[in-house]
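Each chain, written out:
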Amino acid sequence: MPSYKLSVNDQNHTVEVDKGTSLLWVLREHLGLTGTKYGCGIAQCGACTIHVDNTPMKACVLSVEDFSNGEKIKTIEGLSEKGDHPLQKAWVEVQAPQCGYCHSGQIMQAAALLESNPSPSTEEIKAHMNGNICRCGTYLRIIKAIQLAAQSQ
């Protein structure tokens with residue numbers, strides 16, 4: 001079985017998995033990083049959003065072998081050590097989640113937005129978050145949380 005070296009949340013890992021194994025399953029099943037969720041499996045819902053070299057990507061459609069060349073992978077667990085990232089605090093303050101399943105992906109997508117645009121307009125937030133689906137429909141609270149986090153940075 002092939003061996004792959006990954007840089008995840010500023011830690012180096014070596015995993016032995018079949019070629020073509022989804023990066024999502026490596027993160028969840030081999031590294032125990034279960035904050036990244038499986039939603040649709042076709043990169044349409046965003047529950048599996050992670051950052052690769054600071055770019056949001058859908059882990060469910062990424063193959064592990066494509067990310068063992070020193071790319072920096074960040075999951076929700078790597079966003080902050082104590083869960084005190086401005087977005088995480090804002091999510092709690094505005095009570096953004098209902099069921100909560102999609103929200104690690106929502107937060108990771110929002111973090112990429114605030115990294116590139118620290119003061120986005122409502123329209124910019126909507127456009128950037130468009131690829132992340134919340135089946136509970138908490139979109140207005142998500143927008144409010146992003147706005148709150150932007151103000152507190």
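To keep things clear, this report deals only with the structure shown in the data block. (Residues numbered from 1 in each chain as written. Predicted model: local features only at pLDDT ≥ 70, side-chain atom pairs only at ≥ 80, totals over all residues. Heavy atoms only, no water.)

**Some points on the pattern of salt bridges**
Filter applied, for reference: Criterion for a salt bridge: a side-chain nitrogen of Lys or Arg within 4 Å of a carboxyl oxygen of Asp or Glu. Each helix is a run of DSSP H or I of at least 4 residues and each strand a run of E of at least 2, with the numbering of both proceeding from the N terminus.
Applying the stated criterion across every chain yields a total of one salt bridge. Here Glu123 ties to Lys126 by a salt bridge, and the two come within 3.7 Å at their closest N and O atoms. Pair noted here: Glu123 and Lys126 are both in helix 4 (residues 122-129), with a separation of three residues, about one helical turn.

**A short note on the pairing of strand 1 (residues 3-8)**
Stated formally: When DSSP finds at least two bridges between two strands, those strands are taken to pair.
One ladder, built from six bridges, connects strand 1 with strand 2 (residues 11-16); its direction is antiparallel. Note on strand 2: the bridge partner recorded for Val8 is Gln11. Hairpin connection, strand 1 to strand 2: the antiparallel pair is bridged by two residues, and Asn9 has positive phi, about 50 degrees. Bridge analysis of strand 1 against strand 5 (residues 72-74) gives two bridges, and the strand direction is parallel. The residue of strand 5 that forms the bridge with Ser7 is Lys72.

**A look at helix 1 (residues 23-30)**
Note the threshold: Burial here depends on accessible area, computed with a 1.4 Å probe over protein chains only, as a share of the maximum for the residue type. Under 20% is buried, over 50% is exposed, and the range in between is partly exposed. Contact criterion: two residues are considered in contact whenever any of their non-hydrogen atoms come within 4.5 Å of each other. Any N or O atom pair separated by 3.5 Å or less is treated as a polar contact, with the protein-specific requirement of one donor-capable and one acceptor-capable atom, and with residues adjacent in sequence counted only for side-chain atom pairs.
Taken together, the buried positions of helix 1 are occupied by Leu23, Leu24, Val26, Leu27 and Arg28. Where the residues of helix 1 are buried, they touch strand 1, strand 2, strand 3 (49-52) and strand 5. Sitting at the amino-terminal end of helix 1 is Ser22, which places a side-chain oxygen 3.1 Å from the backbone nitrogen of Leu24. Just downstream of helix 1, Gly32 is the residue with a positive phi angle, here 70 degrees.

**Notes on the side chain of Lys58**
Selection criterion: Charged residues are defined here as Lys and Arg on the positive side and Asp and Glu on the negative side; His and the ends of the chain fall outside this count.
With respect to the secondary-structure elements, Lys58 resides in strand 4 (residues 55-58). Of the buried charged residues, Lys58 lacks a salt bridge, with Asp66 as the closest side chain of opposite charge at 16 Å. Here Lys58 is in contact with Ala43, Gly46, Cys48, Thr49, Gln109, Gly131 and Asn132, once residues within four sequence places are set aside.

**Here's the deal with the state of the cysteines**
Stated formally: The disulfide definition used here is simple: a pair of cysteine sulfur atoms within 2.5 Å.
On inspection of all chains with the given rule, the structure shows zero disulfides. The closest cysteine sulfur to the non-disulfide-bonded Cys45 is located on Cys40, 3.8 Å from its own sulfur. For Cys45, a relative accessible area of 15% puts it in the buried group.

**Here we look at a nonpolar patch on the surface**
Our working rule: Only residues above 30% relative accessible area that lack a salt bridge enter a patch, with like-charged residues linked at up to 9 Å and the nonpolar side chains Val, Leu, Ile, Met, Phe, Trp and Tyr linked at up to 5 Å. Accessible areas in this description were obtained via Shrake-Rupley with a 1.4 Å probe; residue shielding takes into account the shown protein chains only.
A surface patch of nonpolar side chains, amounting to about 300 Å² of accessible area, comprises Trp25, Tyr38 and Tyr101. Among the structural elements, Tyr38 can be located in the loop between helix 1 and strand 3. Judged by relative accessible area, Tyr38 falls into the partly exposed class, the value being 36%.

**Thoughts on the environment of Ala145**
Looking at where Ala145 falls in the secondary structure, it is placed in helix 5 (residues 139-152). For the pair formed by Ala145 and Glu93, sequence separation is 52 residues and the distance between their alpha carbons is 7.7 Å. With residues up to four places along the chain from it excluded, the contact list for Ala145 reads Leu87, Ala90, Trp91, Val94 and Ala96.

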